[in-house]
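Residues per chain are reported as follows:
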Amino acid sequence: MISTGLSDYRMEGQVCMVTGASSGIGKEIALGLARLGATIVLVCRDAGRGQAALAEIQRSSGNNSLDLLLADLSSQKQIRKLAKDFRQKYRALHVLVNNAGIVTQTRCLSEDGIEIMFAVNYLAYFLLSNLLLDVLKASAPSRIVNITSSIHKSVRLDFSNLQGEKRFNKNLIYAQNKLADVIFTYELARRLENTGVTVTCACPGATATRIWEPSSRFMDTLFKTFMKEPAEGARIPLYLATSPELEGVTCRYYQTRQHLKRSRVNPANAAARSSRETYDKDIAKRLWQLSEELTGLSNTTI
Ligand SMILES: NC(=O)c1ccc[n+]([C@@H]2O[C@H](COP(=O)([O-])OP(=O)(O)OC[C@H]3O[C@@H](n4cnc5c(N)ncnc54)[C@H](OP(=O)(O)O)[C@@H]3O)[C@@H](O)[C@H]2O)c1
């Protein structure tokens, strides 16, 4: 069982949404929240994988307050429908975990004409969070947790190549997506000051999940030897989503300093500095403005 160090803490009556809950870290985050008794809305793009995850989480947690909403998060139309479907069923949202992520081998465009990794790994976090902000505010205290990666420290944001327009290299684009997630986290947190909605982000650490597939046999062996299990990767995100001691804590980045498989993560010691660029408010404003344009959310008033 995943422990956030809060064995007697319960979340009955709280509504949590986890994107990318069909596998890997997202499934473990959903399981951890389900074990605390919260109502969990799993967001998945594939009905079969979503149902399978829901059944597994139900079995392991004994929690029957689980729901599945389907959305391909590379599609803005489907993200808007997801937000609408959610509102029709729920009046509150206490925790939103933007976790869904993807790595593609080649440059592919979404139905909106946006490079897929940028669309799923960053723009979907921006759009879904904004579309659900009023529910989150009305449910305050509430939290948004964005899943990023320490790999963001290896790059700078190149506005002329955010979608691999000039040069597509999956590692570079992925790192830029994750950098955008941190910049977005801080900007949203600033905009939500004094609303009771906090925004934080976490790097789960190198975790053996499907995101790294397809990989070579050599990489498989490397992963299995050194990478964490998904339950371990979910530890810091779960801490951010649930810990009472983080009530009111916002605009922060967390990452594990323990990168090896067998080392235990202590989330309470995981607050860290992100890259220098993430603290640049001008870059954050520019990214926000571009994201508004790309999603048609130009009248966001928060
Ligand atoms: N694994 C690591 O070492 C690592 C390190 C740092 C950060 N992260 C971050 O952790 C997060 C979770 O990744 P993971 O490692 O757990 O990988 P994973 O096992 O591949 O899980 C990714 C999840 O995102 C979903 N997803 C992908 N594209 C989607 C789309 N278009 N619409 C809706 N859902 C979509 C996947 O759904 P399907 O089941 O349908 O594919 C899956 O549920 C990502 O944000 C990733 O960047 C991972």
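Scroll up for the structure.
Residues numbered from 1 in each chain as written. Predicted model: local features only at pLDDT ≥ 70, side-chain atom pairs only at ≥ 80, totals over all residues.

A. Region of the structure containing the overall build of the protein. From N to C terminus, the protein includes 10 helices and eight strands. Taking 19 Å as the expected radius of gyration for a compact globule of 302 residues, we find that the protein reaches 18 Å, a close match to that expectation. By its C-alpha atoms, the protein is 50 × 50 × 40 Å across when sized along the principal axes. Across the 302 residues that make up the protein, the buried fraction comes to 49%. Pairs at least 24 apart in sequence give 72% of the contacts found in the protein among residues at least 6 apart. (Helix = DSSP H or I, 4+ residues; strand = E, 2+ residues; numbered from the N terminus. Rg over C-alpha atoms; globule rule 2.2 N^0.38 Å. Buried ≥ 20, exposed ≤ 12 C-beta atoms within 10 Å, placed from the backbone. Contact = placed C-beta atoms within 7 Å.)

B. Looking closely at the pairing of strand β5 (residues 142-147). In terms of burial, β5 is a largely internal element, six of the six residues being buried. Burial of β5 is two-sided: the residues Ser142, Ile144 and Asn146 facing one way and the residues Arg143, Val145 and Ile147 facing the other way are all buried. Examined bridge by bridge, strand β4 (residues 95-98) and β5 share four bridges and lie parallel to one another. What sits directly across from Val97, in β5, is Val145. (Pairing = 2+ DSSP bridges.)

C. Region of interest: helix α3 (residues 76-89). Taking 1.5 Å per residue, 14 residues should reach 20 Å; α3 reaches 20 Å between its end C-alpha atoms and fits that length. Three or more residues of α3 are buried, namely Gln76, Ile79, Leu82, Ala83 and Phe86. Buried positions in α3, seen along its axis, are confined to an arc of 110° and lie on one side of it. In α3, the exposed positions that point more than 90 degrees away from the buried face belong to Lys77, Lys84, Gln88 and Lys89. Buried residues belonging to α3 abut β1 (15-19), β2 (39-44), β3 (66-70), α4 (116-131) and α10 (281-295). (Expected span 1.5 Å × (residues − 1). Arc of directions from axis to C-beta.)

D. Quick look at the sheet that holds strand β7 (residues 252-255). Sheet architecture is open: eight strands sit in the order β3-β2-β1-β4-β5-β6-β7-β8, paired in mixed fashion. Bordering the open sheet on either side are β3 and β8 (271-272), each of which pairs with just one other strand. As paired elements, β7 and β8 share two bridges and run antiparallel to each other. The residue bridging Tyr254 from the neighbouring strand is Ala271, located in β8. The strands touched by helix α2 (residues 47-61) within the sheet are β2 and β3, with β3 carrying the most contacts at an inclination of about 165°. Here α3 sits on the sheet in contact with β1, β2 and β3, set at roughly 150° to β3. (Axes fitted to C-alpha atoms, helices over the stretch in contact; angles between N-to-C directions.)

E. View of the site of the ligand. Around the ligand, 26 residues are found, and the nearest of them are Gly20, Gly24, Gly101, Thr209 and Ile211. The dominant element in the shell around the ligand, judged by the number of residues it contributes, is helix α1 (residues 24-35), at three residues. The class makeup of the residues in the shell around the ligand is 10 nonpolar, 11 polar and five charged. (Near = placed C-beta within 6 Å. Nonpolar A, V, L, I, M, F, W, Y, C, P; charged D, E, K, R; others polar.)

F. Representation of α4 in the model. The principal kink in α4, of about 50°, is found at Leu123. Burial analysis of α4 places 16 of its 16 residues in the buried class, which makes it a mostly covered element. (Bend = angle between axes of the 7 residues up to and from the residue.)

G. Representation of the packing of helix α6 (residues 170-191) against α10. Contact geometry of α6 with α10 gives a least axis separation of 9 Å together with a crossing angle of 100°. On the basis of the axis angle, α6 is roughly perpendicular to α10. Of the residues in α10, those touching α6 at Ala180, Ile183, Phe184, Tyr186 and Glu187 are Ile283, Ala284, Leu287 and Trp288. Residues belonging to the contact of α6 with α10 are distributed by class as follows: eight nonpolar, no polar and one charged. (Parallel < 35°, antiparallel > 145°, perpendicular 65-115°, else oblique.)

H. Up close: the environment of Cys16. As for its position among the elements, Cys16 is in strand β1. A count of 26 C-beta atoms within 10 Å places Cys16 in the buried class. In this structure the C-alpha to C-alpha distance between Cys16 and Lys228, which are 212 residues apart in sequence, comes to 25 Å. Look past the residues within four positions of Cys16 in its chain and what remains in contact with it is Leu33, Ala38, Thr39, Ile40, Val41, His94, Val95 and Ala241.

I. Focus on the pairing of strand β6 (residues 197-203). Of all seven residues that make up β6, seven are buried, and the element is covered over most of its length. In this sheet, β6 lies alongside β5 in parallel orientation, the contact comprising six bridges. Bridge assignment links Ile144 to a residue of β6, and that residue is Val199. Of the crossover connections in this fold, the one passing from β5 over α6 to the parallel β6 is right-handed. (Right-handed = clockwise from strand over helix to strand, strands pointing away.)

J. Here's a closer look at unusual backbone geometry. Cis geometry marks the peptide bond from Ala140 to Pro141, where omega comes out at 5°. Along the polypeptide, Pro141 turns up in the loop between α5 (133-138) and β5. In this structure, Cys251 is a non-glycine residue whose phi angle is positive, near 65°.

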